[in-house]
Amino acid sequence: MKASAFSYARATSVVNALELLAAHGDKAKVLSGGQSLMPAMNLRLISPELIVDIGEIAELRGIGVRGDVLRIGALTRHVDLLRSPEIAAHAPLLKEAVAHIAHPAIRNRGTLGGSLAHADPASELPACMVALNATIVVSGQAGERRIVAEDFFTGIYETALSAQELLIAVELPVAQKNSKHFFQEFARRHGDYAIAGLAAQAIVQRDVFTDLRMTFFAVGDRPVLAKAARKLVNVALTPAVLSDASTALGDELDPQEDHQASASMRRHLAKVLLARCASALLGRPDLNAGGPV
Amino acid sequence: MEISLDVNGERVEAHVLPRLNLADFLREHLRLTGTHVGCEHGVCGACTVRVNGEIVRSCLMLAVQSHGASVETIEGLSDSGEIADLQAAFRDRNALQCGFCTPAMLMAAQDLLKQQADPDRERIREHLSGNYCRCTGYQAIIDAIETTARRRMGRKP
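### As for the packing of helix H3 (residues 84–92) of chain B against helix H4 (residues 102–115) of chain B
All names here are of chain B. The contact between H3 and H4 brings their axes to 11 Å, and the two run at 125°. In terms of orientation, H3 lies oblique with respect to H4. Once H3 is placed against H4, the crossing between them reads as right-handed. Contact with H3, carried on its side by Leu86, Gln87 and Phe90, involves Thr102, Leu106, Ala109 and Gln110 of H4 and no other residues of that element.

### With respect to unusual backbone geometry
Peptide bonds are mostly trans, and most non-glycine residues show a negative phi. All names here are of chain A. With a phi close to 45°, alanine 102 is a non-glycine residue in the positive phi region. Among the structural elements, alanine 102 can be located in the loop between helix H5 (92–98) and helix H6 (104–107). Of the residues examined, alanine 102 has 24 C-beta atoms within 10 Å and is grouped as buried. Phi at asparagine 133 takes a positive value of approximately 55°, unusual for a residue other than glycine. Position of asparagine 133 among the secondary structure elements: in the loop between helix H8 (124–131) and strand S6 (135–140).

### Here we look at the interface of chain B and chain A
On the chain A side, the residues contacting the 22 residues of chain B number 27 residues. Counting only elements with at least two residues in the side of chain B that touches chain A, the list comes to strand S4 (54–57) and helix H5 (121–127) of chain B. If you tally residues by element for the side of chain B that touches chain A, the top one is S4 of chain B, at four residues. For the side of chain B that touches chain A, the residue count by class is eight nonpolar, eight polar and six charged.

### A few points about the domain arrangement of chain A
Here chain A is described as being made up of domain 1 (7–53), domain 2 (58–173) and domain 3 (184–288). Put simply, the middle of domain 1 of chain A and the middle of domain 3 of chain A, counted by C-alpha atoms, are 36 Å apart.

### Some remarks on the packing of helix H10 (residues 239–252) of chain A against helix H11 (residues 263–282) of chain A
All names here are of chain A. For the pair H10 and H11, the least separation of the axes is 10 Å and the interaxial angle reads 145°. Classified by chirality, the crossing of H11 by H10 is right-handed. In contact with Leu242, Ala245, Ser246, Leu249 and Gly250 of H10, H11 contributes Arg267, Ala270, Lys271, Leu274, Ala275 and Ala278. Here the contact of H10 with H11 is built from residues that sort into seven nonpolar, two polar and two charged.

### Overview of the domain arrangement of chain B
Residue and element names in this part refer to chain B. According to the domain assignment, chain B contains domain 1 (2–76) and domain 2 (83–152). Each side of the interface is counted separately: domain 1 has twelve residues, and domain 2 has eleven residues. Looking at the side of domain 1 that touches domain 2 element by element, the count peaks at three residues for strand S3 (residues 48–51). In terms of residue class, the side of domain 1 that touches domain 2 is made up of six nonpolar, five polar and one charged.

### Things to note about the sheet that holds S6 of chain A
Residues and elements named next belong to chain A. Sheet architecture is open: five strands sit in the order S4-S5-S10-S6-S7, paired in antiparallel fashion. On the outer flanks of this sheet lie strand S4 (63–66) and strand S7 (143–148), each paired with one strand and no other. Each neighbouring strand pair of the sheet contributes to a mean axis angle of 25°, computed without reference to strand direction. With five bridges joining them, S6 and strand S10 (residues 166–173) adopt antiparallel strand pairing. Each bridged residue has a counterpart across the sheet, and for valine 138 the counterpart in S10 is leucine 167.

The rules behind the values
- Residues numbered from 1 in each chain as written.
- Chains lettered and ligands numbered in written order.
- Predicted model: local features only at pLDDT ≥ 70, side-chain atom pairs only at ≥ 80, totals over all residues.
- Axes fitted to C-alpha atoms, helices over the stretch in contact; angles between N-to-C directions.
- Helix = DSSP H or I, 4+ residues; strand = E, 2+ residues; numbered from the N terminus.
- Parallel < 35°, antiparallel > 145°, perpendicular 65-115°, else oblique.
- Left-handed = near helix turned anticlockwise from the far one by under 90°.
- Contact = placed C-beta atoms within 7 Å.
- Buried ≥ 20, exposed ≤ 12 C-beta atoms within 10 Å, placed from the backbone.
- Nonpolar A, V, L, I, M, F, W, Y, C, P; charged D, E, K, R; others polar.
- Domains from an automatic or database assignment.
- Pairing = 2+ DSSP bridges.

Shown next, in the form of structure tokens:
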């Protein structure tokens with residue numbers, strides 16, 4: 001189908017975009033890369049009265065490092081994340097995750113800010129933001145708000161962003177020397193929606209996790225920072241410890257059933273990912289013997 | 001709205017409604033019907049064109065967003081001879097039947113070969129993962145692209 005009629009405004013600056021959003025509120029929709037918004041409009045799932053195109057706002061672009069903070073502008077496209085030497089050096093988890101997002105032609109248009117504001121529970125970047133303990137920077141008429149990623153995602157396609165605010169950037173702590181990352185997802189076909197996925201960032205000292213942020217996606221209404229992962233921190237990891245964490249993860253998750261997978265299948269796959277992640281990050285193949293524990 | 005852009009190297013000025021997507025603009029306003037419209041929600045890949053040198057879904061881009069851009073369609077790539085060898089390989093290998101997906105397959109394949117001269121079959125599959133073909137079963141398409149890559153490297157296919 002084709003999108004229904006709408007008015008269109010090309011915002012010239014963040015201030016200009018905020019004025020438009022303040023005037024039109026939830027009748028307006030922000031257009032960034034359009035790779036989620038345009039399908040929804042073409043399918044007539046949404047019919048905004050006004051499209052505020054932020055694609056030309058230069059101040060929303062760019063990737064930069066200041067001290068130990070990596071700042072990524074909202075208009076940074078998936079392909080930019082994939083090619084950026086700063087991302088490869090300071091947030092390698094993102095580079096690995098982006099390769100799983102849809103297909104090349106989509107990655108050439110889709111943006112980080114768009115993906116986060118859209119907040120599809122099956123998408124990769126929101127989970128990465130939670131795993132990396134990112135701060136989401138949003139701007140509104142009253143000024144700037146900084147929201148911890150874990151608090152930003154509030155439900156299926158729901159975030160802490162109001163209709164009058166614009167997501168302008170994210171800030172991440174740069175990866176430390178002994179930090180490690182893991183990213184894997186199950187999908188029927190490369191680039192399809194994940195059935196279950198895991199983005200994890202860890203600090204490993206002498207074969208022990210001293211920090212472990214495992215964020216599961218496509219297994220809940222938002223990215224899930226697993227409390228069960230705490231059971232793996234500051235302990236000598238044995239199959240028994242892992243089994244205990246796996247059981248706790250199963251209890252903690254409340255996955256939805258859809259045409260791709262049942263809730264129990266998603267729970268099972270999440271446990272597989274937990275074991276694979278712990279095993280891979282510690283270089284302990286014995287922990288992943290025989291699948292989930 | 002008034003838009004001004006380059007299409008296959010020619011300047012185009014037009015007046016369009018905001019809701020018009022780039023695929024429909026190319027097909028209906030410019031009569032460049034080699035860009036096909038399949039699913040209209042970014043899944044099938046049939047509408048793939050180049051914008052500023054990079055492949056995109058033209059059904060997921062508004063015509064007004066292409067203001068100031070350089071757009072290349074299959075007609076441009078075909079007329080310039082840029083993909084003549086790839087087209088010949090598709091013919092030789094029977095890499096098309098109905099032809100609906102073919103212009104976009106060629107677009108995606110050429111995009112890959114520009115980025116990587118010698119991709120293996122897995123890499124080819126991955127780069128074409130966003131383009132559906134309902135006739136061929138893909139094997140012949142991958143054969144044709146692999147053959148073209150080898151020929152361009154000066155090796156025997």
